[in-house]
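# Architecture and fold: a report
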Amino acid sequence: MATKSQVDFLVMGAGVAGLRAAVELARHGEVLVVTKEAVAESNTHYAQGGIAVAMEGDEDVALHFEDTVNAGDGLVFRPAAQVLVAEGPVRVAELIEWGAAFDTEDGELLRTREGAHSLPRILHANGDATGAEISRSLAAFARVHKRIRFAEWTTVTGLVVDGDRVIGADLLDREGNRERVSARTVLIAAGGAGQVYSDTTNPAVATGDGIALASQAGAALADMEFYQFHPTALSLAGAPRFLLSEALRGEGAYLRNDRGERFMERYHPLLELAPRDVVARAITREGMGARPGETRLVHLDMRHIRGIDLHQRFPGISATLARYGLDLASDLIPVRPAAHYLMGGIKTDLAGRTTLRGLYAAGEAACTGVHGANRLASNSLLEGLVFGARAAFSMLDDDLVLQEADASDGSVWSLSHTEESELESIIARLQASMWAYAGLLREETTLLQGLAAQEACAEGLAQMFAAGKGSRRLAEGEAMSHVARAILHSALARTESRGAHYRNDFPKRDDEHFQKHSVTTGDGGVEFEEW
Ligand code: SIN
């Protein structure tokens, strides 16, 4: 049966950006927060290292700005970085007031250092579980608010558009029931899309749904070629690419190749604390064997560290490694890069407005240009807090009236077992081809191979949808396919190397032609804009 309902504000995603926005919006209306699984299952929850913030006044803020701009390799939109570093301290202080417990010693907040930071400014919680603490405290704060309702285990499958305005969204629950919700405004804060790659530190929910839905509704995407690969994910056959926080290197870990050499001195004066894109590419190069496809092991080495109890400082990482028989303090830990964070996303202004009226975006799903071509470590949780709040402010300022959407057709969605296994094999091909053809080192031929592979996957998915079928997983497959093609088109158009986007065929940065942001509208066309 077709069902419809209405709410003032619909928030897609329950990570740091979505929850921070929801808290603000609830002061002025009813909020529905929609999330595909339980509230805790977001990219935010899995963030380990910390949250970068300059709490020591103007000079500290100016240095944080400089580090953010330098890491972004010539493409950071400076006004966005200025907002991030200047408003960050207020947002973090507010979060602490609302119950987030960061690690302290003698009543002082502890701070660590990570790559490309000029000084230690990264707050952490429970050692290496900063995201989980932020997610826990914000969710607890939001849950007691009477005007915030959570729709857990619910997928947004489409945005409802009337002319140039988004007026609601279609939802799917875990039994396959569908509902259309009209809303005055919709915020997409559904995180990134690491799952488009076979090797990722992201959880299974990170399938780029919000980015794809916005693009399919007509919103512009920006900087989609810039996918950040975290340098150090656990590299063990059969094990997931578990994140080994950059804070390990912040506390002194070395990187060694299979000959035991500390190789970073050949790549960057900041050694293991060089910008993330530099370290990730260095590991890839050191990990390549003499013949195509051959790999060599690269390791993190903390055996020389004295004066820190590594198991106490990194309890989550230590426990995971122990499951694989590895000890942070006494073993070499095998690592390799994995897809981690999308610098691009739904193009927004500094107030979270997208190019469609009624639609806003914040956090990893959005692209303000704040990270440029390479995000500074631990700026992402701060981004969620700062721009989540800003998006909520503009949703309130814009004060759009509710426009009731028609009910959708109310058929219940399901797939047969055979269809589900066919779907999984299409998704596996999609992910493997993105890793092979649009990974850390790209060139025209691989990107074209990637596009051909994606077109074949997209066709398979379209056939399933054409048969009137649907499921959460099919919607996710469709989203990943859309995001993958946006990455490939943008990567083909940027014929230079910058930050996380490295082209073997254009190995140099080309400021004359490309100190610009790529913008794509979903039909494969890419234009470059100066912001
Ligand atoms: C990490 O702990 O290394 C991840 C932090 C980040 O992605 O900024």
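Note that the structure is a prediction, hence the values are computed from the model and not measured.

Conventions adopted
- Residues numbered from 1 in each chain as written.
- Predicted model: local features only at pLDDT ≥ 70, side-chain atom pairs only at ≥ 80, totals over all residues.
- Heavy atoms only, no water.
- Near = heavy atom within 4 Å.
- Polar contact = N/O pair within 3.5 Å; in protein donor to acceptor, adjacent residues only side chain to side chain.
- Areas by Shrake-Rupley, 256 points an atom, 1.4 Å probe, with all protein chains shown as cover.
- Nonpolar A, V, L, I, M, F, W, Y, C, P; charged D, E, K, R; others polar.
- Axes fitted to C-alpha atoms, helices over the stretch in contact; angles between N-to-C directions.
- Helix = DSSP H or I, 4+ residues; strand = E, 2+ residues; numbered from the N terminus.
- Parallel < 35°, antiparallel > 145°, perpendicular 65-115°, else oblique.
- Left-handed = near helix turned anticlockwise from the far one by under 90°.
- Contact = heavy atoms within 4.5 Å.
- Buried < 20%, exposed > 50% of the residue type's maximum accessible area, 1.4 Å probe, protein only.
- Pairing = 2+ DSSP bridges.

## Structural notes on the site of the ligand
The environment of the ligand is formed by Gln48, Gly49, His230, Leu243, Ser245, Glu246, Arg276, His340, Arg375, Ala377 and Ser378. His230 has a polar side-chain atom sitting 2.8 Å from an oxygen atom of the ligand. With respect to the ligand, the backbone of Glu246 contributes an N or O atom lying 2.6 Å from an oxygen atom. Look at the ligand: alone it shows 260 Å² of surface, and the protein chains cover 95% of it. Taken together, the residues of the shell around the ligand sort by class into 2 nonpolar, 6 polar and 3 charged.

## Looking at the packing of helix H13 (residues 444–466) against helix H14 (residues 472–493)
Where H13 contacts H14, the axes come no closer than 9 Å and their chain directions differ by 155°. The orientation of H13 relative to H14 falls into the category roughly antiparallel. Note on packing geometry: the crossing formed by H13 with H14 is left-handed. On H14, the residues touching Glu444, Leu447, Leu448, Gly450, Leu451, Gln454, Glu455, Ala458, Leu461, Met464 and Phe465 of H13 are Leu474, Ala475, Gly477, Glu478, Ser481, Ala484, Arg485, Leu488, His489, Ala491 and Leu492.

## A closer look at helix H6 (residues 209–217)
Of all 9 residues making up H6, 8 are buried, and the element is well covered by its neighbours. Gly218 sits one or two positions beyond H6 and adopts a positive phi of about 115°.

## Structural notes on the pairing of strand E1 (residues 3–12)
The pairing of E1 with strand E11 (residues 178–188) spans 9 bridges and is parallel. Bridge pairing links Val11 to Leu187 in E11. Across 4 bridges, E1 lies against strand E2 (residues 31–34) in parallel orientation. Bridge pairing links Phe9 to Val31 in E2.

## What to know about the environment of Val92
Tracing the sequence through the fold places Val92 in helix H4 (residues 78–97). Residue class for Val92 comes out buried when judged on its relative accessible area of 0%. Those residues in contact with Val92, other than ones at most four positions away along the chain, are Ile51, Val53, Met55, Phe102, Leu123, Leu382 and Leu385.

## A word on unusual backbone geometry
In the Ramachandran plot, Asp223 falls in the positive-phi region, its phi being about 55° despite a non-glycine side chain. Assignment of secondary structure puts Asp223 in the loop between strand E12 (221–222) and strand E13 (227–234). The class of Asp223 is buried, set by a relative accessible area of 1%.

## Examining the sheet that holds strand E20 (residues 517–520)
Taken together, 5 strands build an open sheet; the order of strands is E19-E17-E12-E20-E21 and the sheet is mixed. Because the sheet does not close on itself, it has two edges, and the strands there are strand E19 (366–367) and strand E21 (526–529). Its contacts with the sheet put H14 on E12, E20 and E21, and the angle it makes with E21 is roughly 60°.

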